[in-house]
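Structural features, examined
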Amino acid sequence: MSWNLYLGGDLAPVLNALLTGDPQQIVQASTELWQSVLATNFELRAEAIADQIEFAQPELIGLQEAVVWRTGPLNPNESAMDVQFDFTEILLDELNERGMHYDVVAKTQGIDAELTGFTTLPNPSNPYGVLEDIRLTDRDVILARTDLPKSQLKLSNVQEENFDVALSVPGVFSVPRGWNSVDVKIRGKEFRLINTHLEIADFPQVQMAQAWELLSTAAATDMAVVILGDFNSSAVPGQPNDTPTYELLLGAGFRDTWEMTQVTEAFTCCQASDLRNESSIMDSRIDLVLVRGPLDVIDTDVVGEEQVDRTMQFADAPSGLWPSDHAGLLATLVLPSRQRGNQPFLFIESGASVVSTGNERGDEEVLVDGIEVKRPRAISLNAVDDLWQQAGRRRDVKLLGVEVPPLGLSFHEDEEADLLEWLGQRVSRPMSLTQF
């Protein structure tokens, strides 16, 4: 799973105020940012995000904008140290309350900036308000489940780096960004997971340079690779945030898991900065899970984008808050036990019918109930249902000579191991399912 948690407010007015050098504008912009952080209430939003994680139970999670907000008395010689909100710890507490066991595997620090603003606005009981230093520390974090034995999830070689290239105005501000990674072994299969947050689309040259650096560092390995995060580059030409970065990554051999599994587009960014817009206004897909190497995709899903995913209602937000200005992205992958070559393979998922079949080249002809599947290496669960509906019936089908029933009618999650073994025997190889 990948999810940008949203730091709680729009940084652009603060950066613009810094460019003016006007102390009054800087204090005003910093005050408005702090009030937005309070109003977008991450403690409440974390409950909604934890609900989605509890439902999906991914083994690994990449978080962006997992920030820490601190305040402190005005002091030019000391940094503010009083933690007001640590988004990672707040989310982990919510997960722990649900009996979900996750911990931080990797953490990369981005911008660490301190400004001055009113943390308490002037009011009748305090006509001068409270003017303090306000400190923002941005972090990108990888979480992993801690309740699985090492035979099912073993982690090693944690790396945490900042990009050499960063957006900056010398003497005014700098916005460092970076990546973190961990080598993962799941049931004997290995790959590298990379989590990143690239520069915004307004600065495409910086963003492209960071993507190049990512490819030449973390992704420069013979291992299978999964890169997830907020790339700030639209996967669809013509959408907002359209930059060359997405095509650069595909050109380096990565495959977009959404494109591999879905027949319709979806949006992951962005809701209004106050998170109170009644209907979703997301209009681009910039949050991605990309794969390279012997990793195949069963399904992907956008989460946190529907009305039912919003927080509880309260007086200032009668419809509740969106969990973040971004939606989360969930991907379910299959990790082959050995090199496949031209050996057939078959994917299934809980509650689903046949998902896909093919070979290493992806050129195996696939017929589902007599209807040809155009993407033999991966087809969405919804598309499978649509195929059966088009055929006007639900009946057994044969794929690669193996008779497979419409599993969605009777397959339950607790039968997963037995069914995987059954399929493995018939296609001569063991199989496993993993969610990210």
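Structure: see above.
Quick summary incoming for the structure in this document. Counting restarts for each chain, with residues numbered from 1 along the sequence as it is written. Per-residue local features of the predicted model are confined to residues with pLDDT of at least 70, and side-chain atom pairs are confined, for both listing and counting, to 80 or more; whole-chain, interface and lining totals are unaffected and use all residues. Where side-chain values are given, they derive from all heavy atoms of the structure, hydrogens and water being excluded.

For an α-helix, 3.6 residues make a turn, and residues three or four places apart therefore share a direction. Every buried residue belonging to helix 1 (residues 12–20) is among Val-14, Ala-17 and Leu-18, and all of these are buried. What you see down the axis of helix 1 is that its buried residues fit within an arc of 100 degrees, all on one side. A contact between two residues is defined here by any heavy atoms of the two lying within 4.5 Å. Note on conventions: DSSP H or I runs of at least 4 residues are helices, E runs of at least 2 residues are strands, and numbering of each starts at the N terminus. Packed against the buried residues of helix 1 are helix 2 (23–39), strand 5 (102–120) and strand 9 (173–175). A positive backbone phi angle near 75 degrees is found at Gly-21, which sits one or two residues after helix 1. Each residue is assigned to one of three classes by its accessible area relative to the maximum for its type, calculated with a 1.4 Å probe on protein chains only: buried under 20%, partly exposed between the two thresholds, exposed over 50%. What the arc covers is the set of directions going from the helix axis to the C-beta atoms.

Further remarks concern the sheet that holds strand 12 (residues 225–230). One open sheet holds the 6 strands; their spatial order is 7-10-11-12-14-13, and the pairing between them is mixed. The open sheet has two edge strands, strand 7 (154–162) and strand 13 (255–256), and neither has a second partner. Here, a strand pair is defined by DSSP locating no fewer than two bridges between the strands.

This paragraph deals with the pairing of strand 15 (residues 296–303). Counted residue by residue, strand 15 has 7 buried out of 8 residues, so it is predominantly covered. Two elements, strand 15 and strand 16 (residues 328–334), share 7 bridges in a ladder whose sense is antiparallel. Bridged to Val-302 within strand 16 is Leu-329.

With that settled, the discussion passes to the packing of helix 3 (residues 42–56) against helix 4 (residues 87–97). As a rule, the C-alpha atoms of each element are fitted with a line to give its axis, helices using only the stretch in contact, and angles between N-to-C directions run from 0 to 180 degrees. The N-to-C vectors of helix 3 and helix 4 enclose an angle of 50 degrees; their axes lie 9 Å apart at closest approach. Classified by the angle their axes make, helix 3 and helix 4 are oblique. Handedness of the crossing formed by helix 3 with helix 4: right-handed. Taken together, the residues of helix 4 that come into contact with helix 3 (itself represented by Phe-42, Glu-43, Arg-45, Ala-46, Glu-47, Ile-49, Ala-50 and Ile-53) are Phe-87, Ile-90, Leu-91, Glu-94 and Leu-95. Here the contact of helix 3 with helix 4 is composed, by residue class, of 9 nonpolar, no polar and 4 charged. Oblique is the label for any angle not under 35 degrees, not over 145, and not in the 65 to 115 range, which are roughly parallel, roughly antiparallel and roughly perpendicular in turn. Each crossing gets its hand from how the near helix is turned against the far one by less than a right angle, where anticlockwise is left-handed and clockwise is right-handed. Note that Gly is not counted as nonpolar here; it falls among the polar residues with everything else outside the nonpolar set of Ala, Val, Leu, Ile, Met, Phe, Trp, Tyr, Cys and Pro and the charged set of Asp, Glu, Lys and Arg.

Turning next to the packing of aromatic side chains. When two rings of Phe, Tyr or Trp (its six-membered ring) have centres within 6.5 Å they constitute a pair, described as stacked for plane angles under 30 degrees, edge-to-face for angles over 60, and tilted for the intermediate range. Inspection of the entire model under this criterion finds 3 aromatic pairs. A ring pair is formed by Trp-34 and Trp-69, whose centres lie 5.8 Å apart and whose planes are at 70 degrees; its orientation type is edge-to-face. Residue Trp-34 is found in helix 2, and its partner Trp-69 is found in strand 3 (residues 68–72); the two are separated by 35 residues along the sequence. Residue classification places Trp-69 among the buried residues on the basis of a relative accessible area of 2%.

It is worth spelling out empty space enclosed by the protein at this point. In this analysis the probe radius is 1.4 Å and the grid spacing 1 Å, with only protein atoms considered; a cavity is a set of points the probe fits into but cannot get out of, a pocket is an open set with protein on both sides within 12 Å along at least five of seven lines, and lining residues have an atom within 4 Å of a point. Grid points are joined across faces, edges and corners, and a volume is the space filled by probe spheres set on the points. Applying the stated criterion to the full structure yields 2 cavities of 30 Å³ or more. As a volume, the largest cavity reaches approximately 40 Å³. Around the largest cavity sit Thr-108, Gln-109, Gly-110, Asp-138, Arg-139, Asp-140, Asn-162, Pro-176, Arg-177, Gly-178 and His-197, which together line it. Across the lining of the largest cavity, the residue classes break down as 1 nonpolar, 6 polar and 4 charged.

Moving on, we come to the pattern of salt bridges. Whenever Lys or Arg places a side-chain nitrogen within 4 Å of a carboxyl oxygen from Asp or Glu, that contact is recorded as a salt bridge. Inspection of every chain in the model, using the stated rule, returns 11 salt bridges. Taking the shortest distance from any N to any O, the salt bridge between Glu-94 and Arg-98 comes out at 2.8 Å. Accessibility expressed as a relative area gives 13% for Glu-94, which makes it buried. For Arg-98, a relative accessible area of 23% gives the class partly exposed. Note that Arg-285 and Glu-259 form a salt bridge whose closest N and O atoms lie 3.1 Å from each other. Of this pair, Arg-285 sits in the loop between helix 7 (257–261) and strand 14 (287–292) while Glu-259 sits in helix 7, placing them 26 residues apart in sequence. Taking the relative accessible area as the measure of exposure, Arg-285 reaches 2% and is therefore buried. Look at Glu-259 and you get partly exposed, because its relative accessible area is 28%. Among the ionic contacts, a cluster of salt bridges with common partners joins Asp-51, Glu-54, Glu-94 and Arg-98.

We now examine the packing of helix 1 against helix 2. Contact pair helix 1 / helix 2: the axes reach a minimum separation of 8 Å and the direction vectors enclose 170 degrees. Judged on the interaxial angle alone, helix 2 and helix 1 are roughly antiparallel. Contact residues: Pro-13, Val-14, Ala-17, Leu-18 and Thr-20 in helix 1; Gln-25, Ile-26, Ala-29, Ser-30 and Leu-33 in helix 2. Partitioned by chemical class, the residues of the contact of helix 1 with helix 2 number 7 nonpolar, 3 polar and no charged.

This brings us to unusual backbone geometry. For the bond running from Cys-269 to Cys-270, omega is -5 degrees, close enough to zero to count as cis. Even without a glycine there, the phi angle at Asn-232 is positive, about 55 degrees. If you trace the backbone, Asn-232 turns up in the loop between strand 12 and helix 6 (245–251). Phi at Asn-241 takes a positive value of approximately 70 degrees, unusual for a residue other than glycine. Here Asn-241 is to be found in the loop between strand 12 and helix 6.

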